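Residue strings, one per chain:
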Amino acid sequence: METLAVIDFETTGMSPEHGARATEIAAVLVRDGAIVGRYQSLMNTGAYIPPFIEELTGISNAMVRQAPPAEEVMREAAEFVGGHPLVAHNASFDRKFWDDELARVGLERRQDFACSMLLARRIYPDAPNHKLGTLVEYARVPVAGRFHRALADAEMTANLLLRMEEELMGRFRLEAVSHELLRAIQAVSRRELEACVERYLRKEAV
DNA sequence: TGCCAGGCCCTCTTTAGGGCCTT
């Protein structure tokens, strides 16, 4: 059975290209419909956390000053994730920081990301919006802790992913949902969801 | 907010604009 790694970063800003750095990372492993592993750590990059971000995440400059060095944390996180396919909510954001923080320790990403936000737009088109907090309530996912902390957000994203996989399995009578199928679904428009799954199933059958 | 992005999607579209989502 395939194992997926769901990751979430807290950061000092929106883009590493403009100097933002990670302040916390979490990764949870998902297999057989359940969370089977967890990793979480604050990380010290030396970067300043603006007051707005401190307020948003509850992660202060004092907290990260006492945290392990970013190099140590990223090596641990990369080892924990291994080669498992990745998932994140609005993955384009976490992918940038994953790639940037790995590169700083001489490592490279080995796998693709699937995005739970793009999937939710297709699977739950009638949700009020597709923010993680809204989807957690909409899909009746248990609240795992404070929003905007990495482990809570990663766990809720993982459980949201499992709900969406159940929805796909029920709707299309699938026995399992692979990372490859998730990537195929997120690459088509909402209207093409059904045709996409059918194409995928035909390819699998050949 | 120590001021910044960018990929994606929808539609009153495609020779474009604007909103969403992440911190």
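Keep in mind that this is a model prediction, so the values were computed, not measured.

1. Brief notes about the layout of surface pockets
Now for step 1: Estimates place the volume of the largest pocket at around 590 Å³.
Now for step 2: In terms of lining residues, the largest pocket is bounded by 24 residues, among which Glu-10, Leu-56, Phe-93, His-148 and Asp-153 are the most central.
Now for step 3: Elements with a contribution of two residues or more to the lining of the largest pocket: strand 1 (4-11), helix 1 (51-57), helix 4 (91-103), helix 6 (132-138) and helix 7 (150-172).
Now for step 4: Split by residue class, the lining of the largest pocket holds nine nonpolar, ten polar and five charged.
Now for step 5: When its volume is computed, the second largest pocket comes out at roughly 270 Å³.
Now for step 6: Along its surface, the second largest pocket is lined by 15 residues, and Met-1, Asp-32, Gly-33, Glu-165 and Val-177 are the ones closest to its centre.
Now for step 7: Elements with a minimum of two residues in the lining of the second largest pocket: strand 2 (22-31) and helix 7.
Now for step 8: The element contributing the most residues to the lining of the second largest pocket is helix 7, with four residues.

2. Brief notes about helix 8 (residues 179-186)
The α-helix winds at 3.6 residues per turn, so residues separated by three or four positions along the chain end up facing the same way.
Now for step 1: Every buried residue belonging to helix 8 is among His-179, Leu-181, Leu-182, Ile-185 and Gln-186, and all of these are buried. Seen from one end, helix 8 has its buried residues packed into an arc of 160°, which puts them on one side.

3. Examining the side chain of Asp-94
Now for step 1: Mapping Asp-94 onto the fold places it in helix 4.
Now for step 2: Here Asp-94 occupies a buried position and makes no salt bridge, while the nearest side chain of opposite charge, Arg-95, is found at 9.7 Å.
Now for step 3: Of the polar contacts made by the side chain of Asp-94, one reaches the backbone nitrogen of Phe-9; its length is 2.9 Å.
Now for step 4: When residues no more than four places from it in sequence are discounted, the contact partners of Asp-94 are Ile-7, Asp-8, Phe-9, Ala-88, His-89 and Phe-113.

4. Digging into the protein's contact with DNA strand B
Now for step 1: Taken together, 30 residues lie near DNA strand B, and Glu-10, Glu-17, His-18, Arg-122 and His-130 sit nearest.
Now for step 2: The sugar and phosphate moieties of DNA strand B supply 53% of its atoms located within 4 Å of the protein.
Now for step 3: Here a phosphate oxygen of DNA strand B and a side-chain polar atom of Glu-17 are 2.6 Å apart.
Now for step 4: The side chain of Asn-90 places a nitrogen or oxygen atom 2.9 Å from a base oxygen of DNA strand B.
Now for step 5: Broken down by secondary-structure element, the contributors of at least two residues to the surface near DNA strand B are strand 1, helix 1 and helix 5 (116-123).
Now for step 6: Looking at the surface near DNA strand B, its residues break down into ten nonpolar, eleven polar and nine charged.

5. Considerations on the sheet that holds strand 2
Now for step 1: Read from one edge of the open sheet, five strands run 3-2-1-4-5, paired in mixed fashion. The sheet is open, and its two edges are formed by strand 3 (34-42) and strand 5 (113-115), each paired on a single side. Between one strand and the next, the sheet's axes are offset by a mean angle of 25°, whatever the strand orientation.
Now for step 2: Note: strand 2 against strand 3, eight bridges, orientation antiparallel. Across the sheet, residue Val-28 finds its bridge partner in strand 3, namely Arg-38.
Now for step 3: Here helix 7 sits on the sheet and contacts strand 1, strand 2, strand 3 and strand 4 (86-88); the angle it forms with strand 2, its principal contact strand, is near 30°.

Analysis parameters
- Residues numbered from 1 in each chain as written.
- Chains lettered and ligands numbered in written order.
- Predicted model: local features only at pLDDT ≥ 70, side-chain atom pairs only at ≥ 80, totals over all residues.
- Heavy atoms only, no water.
- 1 Å grid on protein atoms, 1.4 Å probe; cavity = no way out; pocket = protein on both sides within 12 Å on 5 of 7 lines; lining within 4 Å.
- Points joined across faces, edges and corners; volume = space filled by probe spheres on them.
- Helix = DSSP H or I, 4+ residues; strand = E, 2+ residues; numbered from the N terminus.
- Nonpolar A, V, L, I, M, F, W, Y, C, P; charged D, E, K, R; others polar.
- Buried < 20%, exposed > 50% of the residue type's maximum accessible area, 1.4 Å probe, protein only.
- Arc of directions from axis to C-beta.
- Lys, Arg positive; Asp, Glu negative; His and termini not counted.
- Salt bridge = Lys/Arg side-chain N within 4 Å of Asp/Glu carboxyl O.
- Polar contact = N/O pair within 3.5 Å; in protein donor to acceptor, adjacent residues only side chain to side chain.
- Contact = heavy atoms within 4.5 Å.
- Near = heavy atom within 4 Å.
- Pairing = 2+ DSSP bridges.
- Axes fitted to C-alpha atoms, helices over the stretch in contact; angles between N-to-C directions.

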